[in-house]
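# A structural walkthrough
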Amino acid sequence: MASSKQPSRWTKRTLAAQALGRTDAATGAVVPPIHVATTYLRDADNAYSNGFIYGRPDNQTVREAEEVIAMLEGAPVAMLLGSGMSAAIATFMALSPGDHIVAPKVMYWGLRAWLLDDAAHWGLKVSFVDMSDLAAVKAAVEPGRTKLIWAETPANPTWAIVDIAGVAKIAHEAGARLGVDSTCASPILTRPLEHGADIVMHAATKYLNGHSDVIAGALATARPDEFWDRILRVRKQVGTILGPFEAFLLIRGMRTLDLRVRAASANAMHLAMNLRQHPLVAQVLYPGLQDHPGHAVAARQMAGGFGGMLSVRVKGGEARAVATAAHVALWKRATSLGGVESLIEHRASIEGAGTPCPPDLLRLSTGIEDPDDLYADLDAALKAAHAG
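A short tour of the structure in this document, coming up. This is a predicted model, so every value here is computed, not measured. (Residues numbered from 1 in each chain as written. Predicted model: local features only at pLDDT ≥ 70, side-chain atom pairs only at ≥ 80, totals over all residues. Heavy atoms only, no water.)

## Re the packing of helix H3 (residues 84-93) against helix H4 (residues 109-117)
For clarity, the cut-off: Note on geometry: axes are lines fitted to C-alpha atoms, helical ones only across the stretch in contact, with angles between N-to-C directions running from 0 to 180 degrees. In DSSP terms, a helix is any run of H or I states spanning at least four residues, a strand is any run of E spanning at least two, and both are numbered starting from the N terminus. Here roughly perpendicular refers to angles of 65 to 115 degrees, roughly parallel to angles under 35, roughly antiparallel to angles over 145, and oblique to all remaining angles. Crossings are sorted by hand: turned counterclockwise from the far helix by less than a right angle, the near helix makes the crossing left-handed, and turned clockwise it makes it right-handed. Whether two residues touch is decided by their heavy atoms; if any such pair falls within 4.5 Å, the residues are in contact. Three categories are distinguished: nonpolar for Ala, Val, Leu, Ile, Met, Phe, Trp, Tyr, Cys and Pro, charged for Asp, Glu, Lys and Arg, and polar for the others, with Gly belonging to the last.
Two elements in contact, H3 and H4, have axes whose closest approach is 10 Å; the angle formed by their N-to-C orientations is 30°. With respect to H4, the element H3 is oriented roughly parallel. The two elements H3 and H4 meet at a crossing, and its hand is right-handed. Across the interface between the two elements, Met85, Ala88, Ile89 and Phe92 of H3 pack against Gly110, Leu111, Trp114 and Leu115 of H4. Each residue belonging to the contact of H3 with H4 can be placed in one class, and the counts come to seven nonpolar, one polar and no charged.

## Observations concerning the nonpolar core
Counted only if it meets this: Residue types Ala, Val, Leu, Ile, Met, Phe, Trp, Tyr and Cys, when buried and joined through side-chain atoms within 4.5 Å, form a set referred to as a nonpolar core. A simple rule labels every residue: compare its accessible area, found with a 1.4 Å probe on the protein chains alone, to the largest value its type can have, and call it buried under 20%, exposed over 50%, or partly exposed in between.
Counting residues in hydrophobic clusters, the biggest one holds 87 residues, and the most contacted among them are Met131, Ile149, Leu178, Leu275, Val284 and Leu310. Here the element with the most residues in this core is helix H2 (residues 60-73); it accounts for seven residues. Setting aside residues up to four positions removed in sequence, Val284 forms contacts with Ala272, Leu275, Arg276, Leu289, Leu310, Ser311 and Val312. By size, the runner-up hydrophobic cluster in this structure holds 28 residues, among which are Met79, Ala88, Phe92 and Ala94.

## Thoughts on the sheet that holds strand S11 (residues 332-333)
Here is the rule we go by: At least two bridges found by DSSP between two strands is the condition for calling them paired.
Spatially, S9-S10-S13-S12-S11 is the arrangement adopted by the five strands of the open sheet, whose pairing is mixed. Edge positions in the sheet fall to strand S9 (281-285) and S11, since each has one partner strand and no second. When strand S12 (residues 343-346) meets strand S13 (residues 361-365), the two strands line up antiparallel, connected through four bridges. When the bridges of S13 are listed, His346 appears paired with Leu362.

## Some words on the packing of aromatic side chains
Our working definition: Put simply, two rings from Phe, Tyr or Trp (the six-membered ring, in Trp's case) pair if the centres are within 6.5 Å, and we call them stacked under 30 degrees between planes, edge-to-face over 60, tilted for the rest.
Applying the stated criterion across every chain yields a total of five aromatic pairs. Three or more aromatic residues joined by ring pairs make a cluster, and in this case those are Phe92, Trp114 and Trp150.

## Concerning the state of the cysteines
Which entries qualify depends on this criterion: When two cysteine sulfur atoms lie within 2.5 Å, the pair is treated as a disulfide.
Taken as a whole, this structure holds zero disulfides when the rule is applied. Cysteine Cys184 remains unbridged, with the sulfur of Cys357 as its closest cysteine sulfur at 13 Å. For Cys184, a relative accessible area of 7% puts it in the buried group. For Cys357, a relative accessible area of 5% translates into the label buried.

## A few points about the pattern of salt bridges
The condition that has to hold: One speaks of a salt bridge when a side-chain nitrogen belonging to Lys or Arg is within 4 Å of a carboxyl oxygen belonging to Asp or Glu.
Per the counting criterion, the structure on display carries 21 salt bridges. The closest approach of N and O atoms between Arg63 and Asp58, which form a salt bridge, is 2.5 Å. Given a relative accessible area of 23%, Arg63 falls into the partly exposed group. Since its relative accessible area comes to 13%, Asp58 is described here as buried. For Glu66, the salt bridge goes to Arg235, with nearest N and O atoms at 2.9 Å. With Glu66 in helix H2 and Arg235 in helix H8 (residues 226-238), this residue pair connects regions lying 169 residues apart in the sequence. Linked by salt bridges that have partners in common, Arg112, Glu345, Arg347, Glu351 and Arg363 make up one network.

## Observations concerning H8
Going by this rule: Given the number of residues in a helix, its expected span is that number minus one, multiplied by 1.5 Å. It is the directions from the helix axis to the C-beta atoms whose arc is reported. Pairing of N or O atoms within 3.5 Å defines a polar contact, subject to two protein rules: one partner must be a possible hydrogen donor and the other a possible acceptor, and residues neighboring in sequence count only if both atoms are side-chain atoms.
Between its first and last C-alpha atoms H8 spans 18 Å; for 13 residues at 1.5 Å apiece the expected length is 18 Å, and the two agree. Along H8, the positions that sit buried rather than exposed are Phe227, Trp228, Ile231, Val234 and Arg235. What you see down the axis of H8 is that its buried residues fit within an arc of 110°, all on one side. Regarding H8, its N-cap is Asp225, as a side-chain oxygen of that residue lies 3.3 Å from the backbone nitrogen of Phe227 further along. A positive backbone phi angle near 80° is found at Gly239, which sits one or two residues after H8.

## Some remarks on the packing of helix H12 (residues 318-326) against helix H14 (residues 371-387)
With their axes 8 Å apart at the nearest point, H12 and H14 run at an angle of 130° to one another. Overall, the two elements H12 and H14 adopt an arrangement that is oblique. Note on packing geometry: the crossing formed by H12 with H14 is right-handed. Residues Arg320, Ala323 and Thr324 of H12 lie in contact with H14, whose contacting residues are Ala381, Leu382, Ala385 and His386. Here the residues of the contact of H12 with H14 are counted per class, giving four nonpolar, two polar and one charged.

## What about the side chain of Asn267?
Looking at the element boundaries, Asn267 is found in helix H10 (residues 257-275). Relative accessible area serves as the criterion here: at 7%, Asn267 is assigned to the buried category. Setting aside its immediate chain neighbours within four residues, Asn267 contacts Thr366, Gly367, Ile368, Glu369, Pro371 and Leu374.

## Section: the pairing of strand S4 (residues 125-129)
Convention followed: The definition of a right-handed crossover adopted here requires that, viewed with the strands pointing away, the path from the first strand over the helix to the second runs clockwise.
With five bridges connecting them, strand S3 (residues 100-104) and S4 associate as parallel partners. Note that in S4 the partner of Ala103 across the bridge is Phe128. One crossover worth recording links S3 to the parallel S4 by way of H4, and it is right-handed.

## A closer look at a nonpolar patch on the surface
Heads up, the condition is: Residues enter a patch when their relative accessible area is above 30% and they make no salt bridge; the linking distance is 9 Å between like charges and 5 Å between nonpolar side chains (Val, Leu, Ile, Met, Phe, Trp, Tyr). Surface exposure here means Shrake-Rupley accessible area, sampled with a 1.4 Å probe, where a residue is shielded only by the protein chains that are shown.
A surface patch of nonpolar side chains, about 270 Å² in accessible area, is lined by Ile34, Val36 and Phe245. Of note, Val36 is situated in the loop between helix H1 (12-17) and H2. Relative accessible area serves as the criterion here: at 58%, Val36 is assigned to the exposed category.

Spelled out as structure tokens, the structure:
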């Protein structure tokens, strides 16, 4: 776990582009080396004055990546884990048996499945609510028992928006913490800690890395308190720290985070505006559209864009949606998001039984390609799917 130490004179974009300006003292290289050692020398008095003992709980390259994340989120500290799932679950595992969690009905399906199927084995109770409805969130709180409210905004794959400040107020009045999965916004567009959240989580595999070649998860906290220490112990004991090579690649990815996120957001807005007029599209789900139910909240808490993720509901139902994905040439049919390449996926068939995802929905992760090319490919695929 590393802390953020940033010169106040530089913007976050500049600091990320230079990975906090760190260079290699031994060679003068502008890219620091990868530290792969798993064991470290003791001092003559048997102490570890250099701060490193063993590779499972700590690593220098991981620390450097954590410092960039902490800086981006405006957090005093951050920690990296082996995946977004391990980051979120470590947070839940830091709770105590008998604690109650309020979670969203619409959220990343893998984490929702863990909360549905496995949380009870840890003695945790979970209530699922429409997190965009503050009254529903407040009604779900169990006084004295609710210890964590978990939100995701924008929420995958319908891109519902959660009022972070509003939910934070509910959580804190109940003596609970608010954790926010901000994967799809990234710290370029939303910094949940600034809106009252206590912990922010990222599947760093996605936008933070941005090149579809690293599995990683990140947590940042508003304050390194006893609960944060428990999460850190989970990482240490379970052994879910990120590997040094992956941390090195993650640092590389974050150098271009600002540019990639803004380009993807601009592309998504371009597509949303055009697809909403397409005769074969029933609905476009994107918080940048003014008729999106969460647009006003998104405009307040998302700075510089509304993200690179959107979904379309295809006229003709599930069969036409699946056929549309089958006919793309430029878009890639693949699971994931946040990379430089644009991805398309029929989510309901991926999530399976019990999914809240409409069967006619296609999830689109826009990359940094030419937006007119992306639209032309979707237009051709929609027409081919309905011609068959």
